[in-house]
Amino acid sequence: DFASLDDVKKIVDYIDPEQFMVKIGLQLYLAEGKKVLDYLSEKGFKIFLDLKLHDIPNTVNKAVKEISNFNVAMTTIHLQGGKNMIEAALESSSKVKIIGVSVLTSLNDRDMEEIHGSNLDTQFNRAVRLAETTEIDGIVCSPQELCQTKKLNKIKVVPGIRNEVLGDDQKRIMS
């Protein structure tokens, strides 16, 4: 979650590409694009490109096809895009693992009621059911929902884990 390739270069020499994957978020990707993907690939890193794609199936299919041209091991899509969008992403993923975002960790029950007219558990369970009925490689969920995914035999990416509560924009966190 850096703003520039210069920021990335300051830390990447301290990380062993044999032991760690690096995540590129939306801010860095928009700031540096292909340049940061090429740099980290040259350093030998597997890349987790966290763009949270959410669009019509054809557009997501083409975006994942482009992502597959780089040394990207995993990328994210929103499960709320539906089964057709998930399948379109999987169709063009080749070697890239597709990870589905269940519910953003910045949302809580009140937000879900406002957006969907239902509670967070209902929306999360719907997302998990979508993950179960597709060949998606994994899901993103908050640490608060992790226990609800025990039977889901897929990759689990768990943001929102903190050493201490920071008061940032994440609402569903654990330390």
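Preceding block: the structure.
Let me sum up the structure you'll find in this document. (Residues numbered from 1 in each chain as written. Predicted model: local features only at pLDDT ≥ 70, side-chain atom pairs only at ≥ 80, totals over all residues. Heavy atoms only, no water.)

Regarding the layout of surface pockets
Then, in step 1: Of the volumes computed, that of the second largest pocket is approximately 270 Å³.
Then, in step 2: For the second largest pocket, the lining is made up of 13 residues, of which Asp1, Phe2, Met21, Val22 and Lys23 are closest to its centre.
Then, in step 3: Residue assignment for the lining of the second largest pocket shows that the elements contributing at least two residues are α1 (5-12) and β1 (22-25).
Then, in step 4: Partitioning the lining of the second largest pocket into residue classes produces 11 nonpolar, no polar and two charged. (1 Å grid on protein atoms, 1.4 Å probe; cavity = no way out; pocket = protein on both sides within 12 Å on 5 of 7 lines; lining within 4 Å. Points joined across faces, edges and corners; volume = space filled by probe spheres on them. Helix = DSSP H or I, 4+ residues; strand = E, 2+ residues; numbered from the N terminus. Nonpolar A, V, L, I, M, F, W, Y, C, P; charged D, E, K, R; others polar.)

Things to note about the environment of Lys52
Then, in step 1: Mapped onto the fold, Lys52 is located in strand β2 (residues 47-53).
Then, in step 2: In this structure the C-alpha to C-alpha distance between Lys52 and His116, which are 64 residues apart in sequence, comes to 19 Å.
Then, in step 3: Setting aside residues up to four positions removed in sequence, Lys52 forms contacts with Thr76, Ile77, His78, Val101 and Leu104.
Then, in step 4: Of the polar contacts made by the side chain of Lys52, one reaches the side chain of Asp50; its length is 3.0 Å. (Contact = heavy atoms within 4.5 Å. Polar contact = N/O pair within 3.5 Å; in protein donor to acceptor, adjacent residues only side chain to side chain.)

Observations regarding the sheet that holds β1
Then, in step 1: Strand order across the open sheet formed by six strands is β1-β2-β3-β4-β5-β6, with parallel pairing between neighbours. The outermost strands of the open sheet, each flanked by one partner alone, are β1 and β6 (155-157). Direction aside, neighbouring strands of the sheet carry axes that sit 25° apart on average.
Then, in step 2: Direction of pairing for strand β5 (residues 138-140) relative to β6: parallel, over a ladder of three bridges. The partner of Gly138 across the bridge, within β6, is Ile155.
Then, in step 3: Along the sheet, helix α4 (residues 57-67) makes contact with β2, β3 (72-78) and β4 (97-101), crossing β2 at roughly 165°. (Pairing = 2+ DSSP bridges. Axes fitted to C-alpha atoms, helices over the stretch in contact; angles between N-to-C directions.)

Structural notes on the packing of helix α6 (residues 109-116) against helix α7 (residues 120-132)
Then, in step 1: It is the contact of α6 with α7, at a shortest axis distance of 8 Å, that shows an interaxial angle of 75°. Taken together, the axis directions place α6 and α7 in an arrangement best described as roughly perpendicular. Contacts from Asp109, Met112 and His116 of α6 reach α7 at Leu120, Asp121 and Gln123.
Then, in step 2: By residue class, the composition of the contact of α6 with α7 is two nonpolar, two polar and two charged. (Parallel < 35°, antiparallel > 145°, perpendicular 65-115°, else oblique.)

Some details on the packing of aromatic side chains
Then, in step 1: By the definition in use, this model includes zero aromatic pairs.
Then, in step 2: A cation over an aromatic ring shows up here: Lys9 above the ring of Tyr39, its NZ or CZ 5.2 Å from the ring centre. (Phe/Tyr/Trp six-rings, centres within 6.5 Å; stacked < 30°, edge-to-face > 60°. Lys NZ or Arg CZ within 6 Å of the ring centre and 35° of its normal.)

Observations concerning unusual backbone geometry
Then, in step 1: A positive phi is found at Lys52, a non-glycine position, where the angle reads about 50°.
Then, in step 2: Classification of Lys52 by relative accessible area gives partly exposed; the value is 31%. (Buried < 20%, exposed > 50% of the residue type's maximum accessible area, 1.4 Å probe, protein only.)

Quick look at α4
Because an α-helix completes one turn every 3.6 residues, residues spaced three or four positions apart along the sequence face the same direction.
Then, in step 1: Among the residues making up α4, those that are buried are Val60, Asn61, Val64 and Ile67. The buried residues of α4 occupy an angular sector of 125° when projected down its axis, which confines them to one face.
Then, in step 2: On its buried face, α4 is in contact with β2, β3, α5 (83-91) and β4. (Arc of directions from axis to C-beta.)

Honestly, that's just the spatial picture; any functional story needs more than this.
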